[in-house]
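# Structural characterization, general
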Amino acid sequence: MSIQVRDVTKLYGEQKALDNVSFDIRKGEIAGLLGPNGAGKSTMMKIITCFIPPTKGNVSVCGFDIFDQSIEVRRKIGYLPEHNPLYLEMYVKEFLEFVAGIYKLGKNKHQRVDEMIEMVGLTKEYKKKIGALSKGYRQRVGIAQALIHNPEVLILDEPTSGLDPNQLEEIRSLIKTVGKTKTVILSTHIMQEVEAICEKVIIINNGKIVADESTEKLTHFNLNDSRFYIEFETEINVDILKKVEGVESIVKLSPTSFSIIARKGIDIRHQIFQQAIDHKWVVLTIRKEEERLEKIFQQLTKE
Ligand code: ADP
């Protein structure tokens, strides 16, 4: 296990930012910490990275304890905070060499900086001052900085906030590339981001975990009823469809296509096929609709 969070509570004075939170992240996983603003995501990340201690509970990173082995934990982690402070007057390469110096990379320093520049796609920009870069490129500098000491775990707090759609796509694809060799935790309040990048999603609301699932499972998880989309070649008699066992309601989307709500747990497709054979209807499409993560997120995080 790469990260183990156990019964973590964090109080800021009277304010409970995290309330008895536990979860695991496996080695090599890309996990999304998803939640509305103020849910406790940044607090969780700051605890994992040893920036602040929990009030109660414990965390281990790659087998090291955040209280007793915080130096080892920091060595294992690369962290990109939400508002990453960069030295805007420094040149990209100069800055990365400065960071490499802090990590005491010694004679490997120049080689490592060059590798990072290539890996995060800064080859055309490395001679520029950081202040002259777009937000997307500054994020690349931030990711290069977080990865320079070759950590096993990369923690990214809202890595795509404020980026335009192209930059967003580029940073997401960079995170996916990094995720092939490292454990990654990213926080976001954007559900599509989790769907696009993460294998696992932890939804947090008011400091509590409300879901901890693989992204695939969560998107297949039906909260209430099952929905099916059905399209026939020609118009059919809807009354026959309504009589199929398990059908709750039918919405006519076009003269030949329908959205059907079925009772939870009932797969109406066999029955519908049977009716289609009996009545010589040609079925062009029949599929079970997945719940969008967005809707699941809204249901799980409403007060
Ligand atoms: P998120 O990252 O999900 O937006 P945060 O972890 O930043 O959430 O905040 C969780 C809660 O803790 C919020 O209600 C926030 O106002 C509060 N909080 C965060 N940092 C502090 C702090 N240093 N002092 C007091 N309250 C804080």
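Notes on the structure follow. (Residues numbered from 1 in each chain as written. Predicted model: local features only at pLDDT ≥ 70, side-chain atom pairs only at ≥ 80, totals over all residues. Heavy atoms only, no water.)

### Observations regarding the overall build of the chain
Per the secondary structure count, the chain includes 11 helices and 14 strands. Structurally, the chain occupies a C-alpha span of about 80 × 45 × 30 Å along its principal axes. Residue pairs in contact within the chain that sit at least 24 positions apart in sequence constitute 66% of those at least 6 positions apart. Taken as a whole, the chain presents about 15,500 Å² of accessible surface, with 49% of it coming from carbon and sulfur. Counting 43 positive and 42 negative side-chain charges, the chain places the averaged centre of each group 4 Å from the other. (Helix = DSSP H or I, 4+ residues; strand = E, 2+ residues; numbered from the N terminus. Contact = heavy atoms within 4.5 Å. Areas by Shrake-Rupley, 256 points an atom, 1.4 Å probe, with all protein chains shown as cover. Lys, Arg positive; Asp, Glu negative; His and termini not counted. Charge placed at Lys NZ, Arg CZ, Asp CG, Glu CD.)

### With respect to the packing of aromatic side chains
Tallied over the full model, the rule gives 5 aromatic pairs. Ring plane angle 85° and centroid distance 5.8 Å describe the contact between tyrosine 87 and phenylalanine 98, whose orientation is recorded as edge-to-face. Separated by 11 residues along the polypeptide, tyrosine 87 in the loop between β6 (77–80) and α3 (92–102) and phenylalanine 98 in helix α3 bring together distant segments of the chain. Three or more aromatic residues link up through ring pairs in this structure, and these residues are Tyr87, Phe95 and Phe98. Here the basic side chain of arginine 140 rests over the ring of tyrosine 137, its NZ or CZ set 4.7 Å away from the ring centre. (Phe/Tyr/Trp six-rings, centres within 6.5 Å; stacked < 30°, edge-to-face > 60°. Lys NZ or Arg CZ within 6 Å of the ring centre and 35° of its normal.)

### Concerning the site of the ligand
Taken together, Tyr12, Gln15, Ala17, Pro36, Asn37, Gly38, Ala39, Gly40, Lys41, Ser42 and Thr43 make up the full set of residues adjacent to the ligand. Glutamine 15 is positioned such that a nitrogen or oxygen atom in its side chain is 3.1 Å from an oxygen atom of the ligand. For the ligand, whose accessible area on its own is 560 Å², the fraction buried by protein is 62%. Going through the elements one at a time, β2 (15–25) and α1 (41–48) are the ones with two or more residues in the shell around the ligand. Among the elements that make up the shell around the ligand, the one with the highest residue count is α1 (3 residues). (Near = heavy atom within 4 Å. Polar contact = N/O pair within 3.5 Å; in protein donor to acceptor, adjacent residues only side chain to side chain.)

### Regarding the sheet that holds strand β4 (residues 56–61)
Strand order in this open sheet of 4 strands is β2-β1-β4-β5, and the pairing throughout is antiparallel. Edge positions in the open sheet fall to β2 and β5 (64–65), since each of these has one partner strand only. Summarising the sheet, strand β1 (residues 3–12) and β2 pair through 7 bridges and their orientation is antiparallel. Of the residues in β2, the one forming a bridge with isoleucine 3 is isoleucine 25. Lying over the sheet, α1 contacts β1, β2 and β4, oriented at roughly 120° with respect to β1. (Pairing = 2+ DSSP bridges. Axes fitted to C-alpha atoms, helices over the stretch in contact; angles between N-to-C directions.)

### Comments concerning the layout of surface pockets
Of the pockets and cavities examined, the largest pocket occupies roughly 670 Å³. Along the walls of the largest pocket sit 21 residues, with Phe51, Arg74, Ile77, Tyr103 and His149 positioned nearest its centre. Residue composition of the lining of the largest pocket, by class: 14 nonpolar, 5 polar and 2 charged. In terms of lining residues, the second largest pocket is bounded by 16 residues, among which Asn37, Gly38, Ala39, Gly40 and Lys41 are the most central. Of all the secondary structure elements, the ones that give two or more residues to the lining of the second largest pocket are β2 and α1. Residue composition of the lining of the second largest pocket, grouped by class: 3 nonpolar, 8 polar and 5 charged. (1 Å grid on protein atoms, 1.4 Å probe; cavity = no way out; pocket = protein on both sides within 12 Å on 5 of 7 lines; lining within 4 Å. Points joined across faces, edges and corners; volume = space filled by probe spheres on them. Nonpolar A, V, L, I, M, F, W, Y, C, P; charged D, E, K, R; others polar.)

### Topic: the packing of helix α5 (residues 135–147) against helix α6 (residues 165–179)
Axis separation between α5 and α6 bottoms out at 9 Å; the angle between their running directions is 15°. Accordingly, the angle class assigned to the pair α5 and α6 is roughly parallel. Judged by the sense of rotation from one axis to the other, the crossing of α5 with α6 is right-handed. Here α5 contributes Lys135, Gly136, Gln139, Arg140, Ile143 and Leu147 to the contact with α6, which in turn contributes Gln167, Glu170, Ile171, Leu174 and Val178. When its residues are assigned to classes, the contact of α5 with α6 shows 5 nonpolar, 3 polar and 3 charged. (Parallel < 35°, antiparallel > 145°, perpendicular 65-115°, else oblique. Left-handed = near helix turned anticlockwise from the far one by under 90°.)

### Some remarks on the environment of valine 238
Within the secondary structure, valine 238 is located in helix α9 (residues 238–242). Between the C-alpha atoms of valine 238 and isoleucine 250, which are 12 residues apart in sequence, the distance is 8.4 Å. Contacts of valine 238, omitting those with residues within four sequence positions, involve Ile250 and Phe258.

### Some words on the packing of α3 against α5
Viewed as axis vectors pointing N to C, α3 and α5 meet at an angle of 25°, and their least axial separation amounts to 9 Å. Here α3 is positioned roughly parallel relative to α5, judged by the angle of their axes. Both α3 and α5 take part in a crossing whose hand is right-handed. Note on element contacts: α5 touches α3 through Val141, Ala144 and Gln145, opposite Val92, Phe95, Leu96 and Val99. Across the contact of α3 with α5, the residue classes tally to 6 nonpolar, 1 polar and no charged.

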